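# Observations on the model geometry
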Amino acid sequence: ASPEAFYCVLTGEALLGGVSADLETGAFTADDGVRAVASEGAFVGYGDHVLARPRTFACVGGAEGVGLAVFEARGLDALSSGAAEILVLLQKALLRTAATELAQQV
C-alpha cells in the first residue's frame, strides 16, 4: 500500500493488519493477524497520505469481490480543475475520516 495513495472500499470488506519495520534493512512487512476491518464506504490510509508518513497498515486479506478505489494526488488535481463540486464532497468525507483516525490514535 503506497503512502502516496489512499483508498475507499467500494464493495466487500478489506482486512487490515499492522506493519512492522526491520531496523537493519528498513524493510516493512505485514504483521500476522487482523487489526481492523474496513467495510463498504470506508476510507483507508488517508491519515498516512496527508501526513506523508510510512503506511501504518497492510491489507492482509479480504472477502472475494472486494473492490477498492485508489486516490492519488494527480487524480485529486484533476478533480479540482474539472469537477470541483465532487472534490468538495470528497474533502468533507475525508475530514470526517481523518478526525476519526486521529481520535483513535490518542
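Another aspect to go through is the nonpolar core. Grouped together as the largest cluster of nonpolar side chains are 12 residues: Phe6, Cys8, Phe43, Tyr46, Ala69, Phe71, Leu76, Leu87, Leu90, Ala93, Leu94 and Ala98. Per-element accounting of this core gives the leading share, 5 residues, to helix H3 (residues 84–105). Among residues more than four places away in sequence, those in contact with phenylalanine 71 are Glu4, Ala5, Phe6, Cys8, Phe43, Leu76 and Leu90.

On to the sheet that holds strand S8 (residues 67–72). Strands sit in the order S6-S1-S8 across an open sheet of 3 strands; the sheet is antiparallel. Either end of the sheet is taken by a strand with one partner, and the two such strands are strand S6 (43–44) and S8. Relative to S6, strand S1 (residues 5–11) is paired through 2 bridges, and the arrangement is antiparallel. Along S6, the bridge assignment pairs cysteine 8 with phenylalanine 43.

Let us look at the confidence of the model for the protein chain. Predicted coordinates in regions of low pLDDT should not be interpreted in detail. Averaged over all residues, the pLDDT of the protein chain equals 77, while 77% of them reach at least 70. When the elements of the protein chain are averaged for pLDDT, strand S4 (residues 28–30) gives the smallest value, 60, and S1 the largest, 87.

Scoring rules and cut-offs
Residues numbered from 1 in each chain as written. Predicted model: local features only at pLDDT ≥ 70, side-chain atom pairs only at ≥ 80, totals over all residues. Heavy atoms only, no water. Core = buried A, V, L, I, M, F, W, Y, C linked by side-chain atoms within 4.5 Å. Buried < 20%, exposed > 50% of the residue type's maximum accessible area, 1.4 Å probe, protein only. Helix = DSSP H or I, 4+ residues; strand = E, 2+ residues; numbered from the N terminus. Contact = heavy atoms within 4.5 Å. Pairing = 2+ DSSP bridges. pLDDT = per-residue confidence, 0-100.

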